[in-house]
Amino acid sequence: MKVGDLVKWNGSTAFRVAARDTGIVVAGPRLTHSTSHSQWRTTYAVAWFGAKETFWHNDEHLGVLSENR
């Protein structure tokens, strides 16, 4: 996954119901670590079209629809 890729949400259904589930990767990758997860995770910033907001998400919750060249 890289900046410019079109992605869809593959995580919880609550987010999918709240907003459209298509966006574009605008930053990343970034390695993050939290107290709730003992392993480092790769995250990407996604600008969601329906929500008109940008959020950071773990790569496991995102699926690539179309790759940027």
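Predicted model only: the values in this text are computed from it and were never measured.

Engineer: Provide a residue-level description of the overall build of the chain, including the pertinent values.
Structural biologist: If you tally the helices and strands in the chain, you get 1 helix and 5 strands. Going from N to C terminus, the chain has its helices and strands arranged as β-α-β-β-β-β. Taken over 69 residues, the chain has a buried fraction of 26%. If you sum the accessible surface of the chain, you get close to 4600 Å²; carbon and sulfur atoms cover 50% of it.

Engineer: Any details on the pattern of salt bridges? Residues and values, ideally.
Structural biologist: Applying the stated criterion across every chain yields a total of 2 salt bridges. In this structure, Asp5 engages Lys2 in a salt bridge whose closest nitrogen and oxygen atoms are separated by 3.8 Å. Since its relative accessible area comes to 1%, Asp5 is described here as buried. Residue Lys2 is classed as partly exposed on the basis of its relative accessible area of 35%.

Engineer: Please give an account of the side chain of Asn58 that cites residues and values.
Structural biologist: Mapping Asn58 onto the fold places it in strand 4 (residues 53–58). In this structure, Asn58 is in contact with Arg41, Thr42 and Thr43, ignoring residues within four places of it in sequence.

Engineer: Just give me the short version of the pairing of strand 2 (residues 22–34), but keep the residues and values in it.
Structural biologist: Sheet topology places strand 1 (residues 6–9) next to strand 2; 3 bridges connect them, and they run antiparallel. Across the sheet, residue Val7 finds its bridge partner in strand 2, namely Gly23. Across 8 bridges, the pairing between strand 2 and strand 3 (residues 37–48) is antiparallel. Residue pairing in the sheet places Leu31 in a bridge with Thr42 of strand 3. Hairpin connection from strand 2 to strand 3: 2 residues lie between these consecutive antiparallel strands.

Engineer: Tell me about the packing of aromatic side chains, residues and numbers included.
Structural biologist: By the definition in use, this model includes 1 aromatic pair. Between the aromatic rings of Trp9 and Trp48, the centroid separation amounts to 6.2 Å while the plane-to-plane angle is 80°, which identifies the pairing as edge-to-face. With Trp9 in strand 1 and Trp48 in strand 3, the pair connects residues that are 39 residues apart, well separated along the chain. The same class applies to Trp9 and to Trp48, which are both buried. Its guanidinium or amino end placed over the ring of Trp56, Arg30 lies 3.7 Å from that ring's centre, counting from NZ or CZ.

Cut-offs applied
- Residues numbered from 1 in each chain as written.
- Predicted model: local features only at pLDDT ≥ 70, side-chain atom pairs only at ≥ 80, totals over all residues.
- Heavy atoms only, no water.
- Helix = DSSP H or I, 4+ residues; strand = E, 2+ residues; numbered from the N terminus.
- Buried < 20%, exposed > 50% of the residue type's maximum accessible area, 1.4 Å probe, protein only.
- Areas by Shrake-Rupley, 256 points an atom, 1.4 Å probe, with all protein chains shown as cover.
- Salt bridge = Lys/Arg side-chain N within 4 Å of Asp/Glu carboxyl O.
- Contact = heavy atoms within 4.5 Å.
- Pairing = 2+ DSSP bridges.
- Phe/Tyr/Trp six-rings, centres within 6.5 Å; stacked < 30°, edge-to-face > 60°.
- Lys NZ or Arg CZ within 6 Å of the ring centre and 35° of its normal.

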